[in-house]
Amino acid sequence: MAEVTLEGLRKNYGNVAAVKGLDLVIKDQEFVVLLGPSGCGKTTTLRCITGLESPTGGRILFDGKDVTQQKPAERNVAMVFQFFALYPHLKARKIITFPLRARKASKKHIREKVEWVAEMFKLHHLLDRYVGGMPPGDKQKIALARAVVRDPNVLLLDEPLSALDEQYREEMRWQLGHIQKQLKVTTVYVTHDQREAMSLADRIILMRDGRIEQQAPPDEIYRRPANVFAAYFIGSPGMNLFPVTLEDRDLLLGKESRRLPIPEEIISKLAVTERREFVMGIRPEFLSIAGKEAGEGESCFPATIFSTEQVGNYKIFNFRVDDEIYHGMVRRKGVLEGEGMVCFDMAQARFFNKESGEAIF
Amino acid sequence: MQERKIPRMFSDRAVCYFFLFPTLVLLLFLLVYPFLSLIYNSFFRYSVLRAAVPAKFIGFNNYLFFLTDDYTWRRFVFTGKFVLLAVSIQFFLGVGIAYLFQTKFKGRDVIFTMILMPMMLSPIVVGLFWKYMFNTEWGLVNYLLSLVGLPAVDWLGNPTYSLWATIIADTWMWTPFTILLAMAAFSGIPKSLYEAADVDGASGAFKFFNVTLPLSAPVLIIALLLRLIDSFKQFDLFYALTGGGPGDATQTVSFQLYKTAFQYFYTGEASALGMILLIIIIGLSSIFIRYLTSLGEKQSA
């Protein structure tokens, strides 16, 4: 168990910079998820923490001690690989004890540890089998067991659930979170799946292009994205991003300048920035449909809903503003297609700087 | 679209036979007939040189002759020594060198290509090369020995040294083969397994014995098997390098077979000896193949 600090971590592959100066403190026992699209540098960052890649620049510290030049073994970290990386020539028991045997632990210690880890993951029945014919879920359990059997300082997971079927994934996700809390081990988890990130993380580190875009607990990153990238990447569908213009004390939507009635206080807040153009972000679930006529004081505008899709109990409706497609999400039955009024819950709206993409409020 | 009609002059099966026919004829003449006549001849006193003398059926006497003959027994002992020493040296050297080639270093590809060259030469040529290099008076090997102050060795004139001379030449020629197969085996091991072992704190040796070796075992066993069969019937290298000498010190079983068949023309006896050799090789291979299949079944079970 350790606190992990990254100071200006950089990693280049030839001319390509994969990680461009990362500063990050992962607290002891914290569950941190590195989230981002493919190629954002999240796996490279993880491999640097593991010690499988040596950084081009910057430092890595475990509990304040510089480990940048240390080999993975010296750092006492554990890693779960995307495709398990289990040895096909060994039985599960031997795979799980590999880290202990490699460190020449005593027979007694090994026996106790295997018993402990087998109990935790409920894999007694798998111990004396080869992994060859096992379903991915069982392989995953063995990979996890091998990782935690040595009481690692840091547990590192590289998209550990991506090779599993949907149904296994839900179950393993739950189990993973549960075990992490039990073991109280500092955990870094890499994924491109925001649902995994949302459900597991104490803190999400959202990355893009080798940099951190935002780091915050899941609900905060969801409610208060720091920039348009975070706004769009998190959520499915992501946040709607409307180009808006402030004119006098009216907010105009899109190029066609449809006037959107909004509360006076938002207008005031926008006015003090002394800018005219903004990006307004609002999540699909804060959009609704109000028939032909909108009530007084509501922020609605007329739009044509051209398609809908049913997702469980919800219905996602799609409409266009200036050829861009936007989504709303409502719990309503019946036909929604056609002309209507789309209304915004403006208390949930977020405004971004049009040039930099940074959130204003 | 309209279906195009292909005239059905021949059925699929007929076409099949048509293409198989030449191969079958070839196999019959080159494999099946000689093999059957080998078995047949091995039970007769018969020589192709004296075709006028009718072959006389003598049962297993040809076999019994070789199996009880001291001289033949010594050939087997020599062959066994040679096979065991040469193959194990080549195997360890080959696996070791292949392991060294896993790391990237400058000039790796050039050196690798050069190392593979001996394998591409004809054994006769290799034998002649080494014959000159082992020459007692002006050979390169003794010259090199003299540089470090060692006395000249009578490589091809002394029975003990001539065994080593053949082993050295064979090793020089065939180690590359083991290197090649071992490298193929090593490169087939996923990188992530090594990374997992690194994270798990395995030392280089621990990784080699617990990851590299067991995972490349199937291919290494095939390499071993091929080398074993090959060196067991090794003939041309001996023919060119030592001619079986000094005396008969480096005569392998296959060398004796050659002499029996093509110098003395005892066709019946030669056939029997050939059968004995064949049975031994089949026996050896089946041990390996059985081990190999058990290995495969174990891991997929």
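Refer to the structure presented above.
Notes on the structure in this doc start here. Because the structure is predicted, anything quoted here is derived from the model rather than measured. (Residues numbered from 1 in each chain as written. Chains lettered and ligands numbered in written order. Predicted model: local features only at pLDDT ≥ 70, side-chain atom pairs only at ≥ 80, totals over all residues. Heavy atoms only, no water.)

Overview of the sheet that holds strand E17 (residues 314–321) of chain A
All names here are of chain A. Read across the open sheet, the five strands follow the order E15-E19-E16-E17-E18; overall the sheet is antiparallel. Two strands close off the open sheet at either side, each with one partner strand: strand E15 (287–289) and strand E18 (324–330). Here the strands of the sheet are splayed against their neighbours by 45° on average, with no regard to which way each runs. (Pairing = 2+ DSSP bridges. Helix = DSSP H or I, 4+ residues; strand = E, 2+ residues; numbered from the N terminus. Axes fitted to C-alpha atoms, helices over the stretch in contact; angles between N-to-C directions.)

Here we look at the sheet that holds strand E1 (residues 4–13) of chain A
All names here are of chain A. The strand order across the open sheet formed by four strands is E2-E1-E4-E5, and the pairing between neighbours is antiparallel. Two strands in the sheet have a free side with no partner beyond their single neighbour: strand E2 (16–26) and strand E5 (65–66). Pairing of strand E4 (residues 57–62) with E5, which is carried by two bridges, proceeds in the antiparallel orientation. Within E5, the residue paired with leucine 61 across the bridge is aspartate 66. Against the sheet, helix H1 (residues 42–50) makes contact with E1, E2 and E4, and its axis sits at roughly 115° relative to E1, the strand it touches most. (Contact = heavy atoms within 4.5 Å.)

A short note on the layout of surface pockets
Taken as a whole, the largest pocket holds about 590 Å³ of empty space. As for the largest pocket, its lining consists of 20 residues, and the residues nearest its centre are Leu52(A), Tyr194(B), Glu195(B), Asp198(B) and Lys207(B). Broken down by secondary-structure element, the contributors of at least two residues to the lining of the largest pocket are helix H2 (72–75) of chain A together with helix H7 (159–187), helix H8 (191–199) and helix H9 (204–232) of chain B. Among the elements that make up the lining of the largest pocket, the one with the highest residue count is H8(B) (four residues). Here the residues of the lining of the largest pocket are counted per class, giving eight nonpolar, five polar and seven charged. (1 Å grid on protein atoms, 1.4 Å probe; cavity = no way out; pocket = protein on both sides within 12 Å on 5 of 7 lines; lining within 4 Å. Points joined across faces, edges and corners; volume = space filled by probe spheres on them. Nonpolar A, V, L, I, M, F, W, Y, C, P; charged D, E, K, R; others polar.)

Re the packing of aromatic side chains
Scanning the entire structure with this criterion turns up 40 aromatic pairs over all chains. A centroid spacing of 6.1 Å and a plane angle of 70° characterise the contact between Phe91(B) and Phe92(B), whose relative ring orientation is edge-to-face. Residue class for Phe91(B) comes out buried when judged on its relative accessible area of 18%. In this structure an aromatic cluster arises from ring pairing among Phe242(A), Phe301(A), Phe317(A), Phe319(A), Tyr326(A) and Phe344(A). Arg75(B) extends its terminal NZ or CZ atom over the ring of Tyr71(B), reaching a point 4.6 Å from the ring centre. (Phe/Tyr/Trp six-rings, centres within 6.5 Å; stacked < 30°, edge-to-face > 60°. Buried < 20%, exposed > 50% of the residue type's maximum accessible area, 1.4 Å probe, protein only. Lys NZ or Arg CZ within 6 Å of the ring centre and 35° of its normal.)

Description of the side chain of Gln194(A)
All names here are of chain A. Within the fold, glutamine 194 resides in helix H7 (residues 194–200). Among the polar contacts listed, one links the side chain of glutamine 194 to the backbone oxygen of phenylalanine 233, at a separation of 3.4 Å. Dropping the residues within four chain positions of it, glutamine 194 is found in contact with Leu35, Phe233, Ile234, Gly235 and Ser236. (Polar contact = N/O pair within 3.5 Å; in protein donor to acceptor, adjacent residues only side chain to side chain.)

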